[in-house]
Amino acid sequence: MNKKHIEEKSNKLLHKYFKHNNESITVPIPTIEILEYLGYDIDFRSDGIYKNKDILGGVIPKEKIVELNESLTKNEGRLNFTIAHEIGHIILHVDNEDNDFFFRSDNNCEDENIINDKKRKLIENEADQFAAYLLMPSDIIKKSFFKLHDKPVNVAKFSFINFLLRKSKLQEAFLIARKISDTGNFNNVSKTAILNRLIGLRLIRGIPYQTYKIKRR
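Rules and cut-offs
Residues numbered from 1 in each chain as written. Predicted model: local features only at pLDDT ≥ 70, side-chain atom pairs only at ≥ 80, totals over all residues. Heavy atoms only, no water. Axes fitted to C-alpha atoms, helices over the stretch in contact; angles between N-to-C directions. Helix = DSSP H or I, 4+ residues; strand = E, 2+ residues; numbered from the N terminus. Parallel < 35°, antiparallel > 145°, perpendicular 65-115°, else oblique. Left-handed = near helix turned anticlockwise from the far one by under 90°. Contact = heavy atoms within 4.5 Å. Nonpolar A, V, L, I, M, F, W, Y, C, P; charged D, E, K, R; others polar. Buried < 20%, exposed > 50% of the residue type's maximum accessible area, 1.4 Å probe, protein only. Core = buried A, V, L, I, M, F, W, Y, C linked by side-chain atoms within 4.5 Å. Phe/Tyr/Trp six-rings, centres within 6.5 Å; stacked < 30°, edge-to-face > 60°. Salt bridge = Lys/Arg side-chain N within 4 Å of Asp/Glu carboxyl O.

A word on the packing of helix H1 (residues 3-20) against helix H4 (residues 117-135). Their axes nearest at 9 Å, the elements H1 and H4 cross at an angle of 45°. Regarding the angle of H1 to H4, the classification is oblique. For H1 against H4, the interelement crossing comes out right-handed. The residues of H4 that touch H1, namely those facing Lys-3, Ile-6, Glu-7, Lys-9, Ser-10, Leu-13 and Leu-14, are Glu-126, Gln-129, Phe-130, Tyr-133 and Leu-134. Looking at side-chain class alone, the contact of H1 with H4 contains six nonpolar, two polar and four charged residues.

In structure tokens, the structure reads:
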């Protein structure tokens, strides 16, 4: 499934949800309400597999439940991205997989008896892409960016001001993401997610995608 198709699926869901509520698409995107619109309930868990904080959540299609690690309630950005990620599984994968399959959203779904490693990574990447498109629609994030900048920013390009302030290209990139968060009202998304979205849109250049740091026991 290519990125264009995934974004089309995300946009279709957004339009259907907001039309259902007689509203225009605005941010922050209400992930919990969209999940409920799809007929799913949330169950926060800290027992069983969810004692492992690396396992963030999972979809149980037959029961119409999305389980989430209770530890996510301490991080709104991570929580919303995980919910959007699980919505991605519902839209992209549930109808295409055996409904007994249990999607575990630890960015590396673990069920070696059902799905091979290559496919497992593929569907996780697709769900991550869907989450980014859902939470940060292209039109809205571009509009927010171009309110502050007249062209894409190459943070690898030498800047005398950054040299004087001893500001690294990563610091400059996160500063841009922070400003986009404030001006665009992306207040339920982490700065890392915003930065990666801007990198994906080629609005920030000269820096690779940033990975999330997950605490491990």
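A separate point is helix H8 (residues 191-200). Counted residue by residue, H8 has eight buried out of ten residues, so it is predominantly covered. Along H8, the residues that are buried comprise Thr-192, Ala-193, Ile-194, Leu-195, Asn-196, Arg-197, Leu-198 and Ile-199. Buried positions along H8 lie against H1, helix H3 (76-92), H4, helix H5 (138-148), helix H7 (169-184) and strand E6 (204-205). Of the residues trailing H8, Arg-202 is marked for its positive phi of about 65°.

Moving on to the nonpolar core. Of all hydrophobic cores here, the largest spans 51 residues; its most connected members are Met-136, Ile-194, Leu-198 and Ile-204. Looking at this core, the elements with two or more residues in it are H1, helix H2 (31-37), strand E3 (65-69), H3, H4, H5, H7 and H8. No other element matches the seven residues that H3 contributes to this core. Sequence-distant contacts of Met-136, defined by excluding residues within four places in its chain, comprise Ile-141, Phe-186, Val-189, Ala-193, Ile-194 and Arg-197.

A few words now on the packing of aromatic side chains. This structure, assessed with the given rule, holds three aromatic pairs. Relative to Phe-18, the ring of Tyr-17 lies with its centre 5.2 Å away and its plane at 85°, an arrangement referred to as edge-to-face. Accessibility expressed as a relative area gives 3% for Phe-18, which makes it buried. With a centroid separation of 5.2 Å and an interplanar angle of 90°, the aromatic rings of Phe-145 and Phe-146 are classed as edge-to-face. Among the aromatic residues, ring-to-ring pairing joins Tyr-17, Phe-18 and Tyr-37 into one connected group.

In this section: the packing of H3 against H4. Packing of H3 against H4 leaves a shortest axis separation of 7 Å and a crossing angle of 115°. In this structure, H3 crosses over H4, and the sense of that crossing is right-handed. Note on element contacts: H4 touches H3 through Ile-123, Glu-124, Glu-126, Ala-127, Asp-128, Phe-130, Ala-131, Ala-132, Leu-134 and Leu-135, opposite Asn-80, Phe-81, Ala-84, His-85, Ile-87, Gly-88, His-89, Ile-91 and Leu-92. A class-by-class count of the residues in the contact of H3 with H4 yields twelve nonpolar, four polar and three charged.

It is possible for side chains of opposite charge to pair when their charged atoms get near one another. For the coordinates displayed, the defined rule picks out four salt bridges. Note that Glu-7 is salt-bridged to Arg-197, the shortest N-O span being 3.7 Å. Linking Glu-7 in helix H1 with Arg-197 in helix H8, this pair joins segments that are 190 residues apart in sequence. Like Glu-7, the residue Arg-197 is buried in the burial classification. A salt bridge links Arg-45 to Asp-47, with the shortest nitrogen-to-oxygen separation between them at 2.8 Å. The class for Asp-47 is partly exposed, based on a relative accessible area of 36%. Overlapping salt bridges bring together Asp-43, Arg-45, Asp-47 and Glu-67 as one network.

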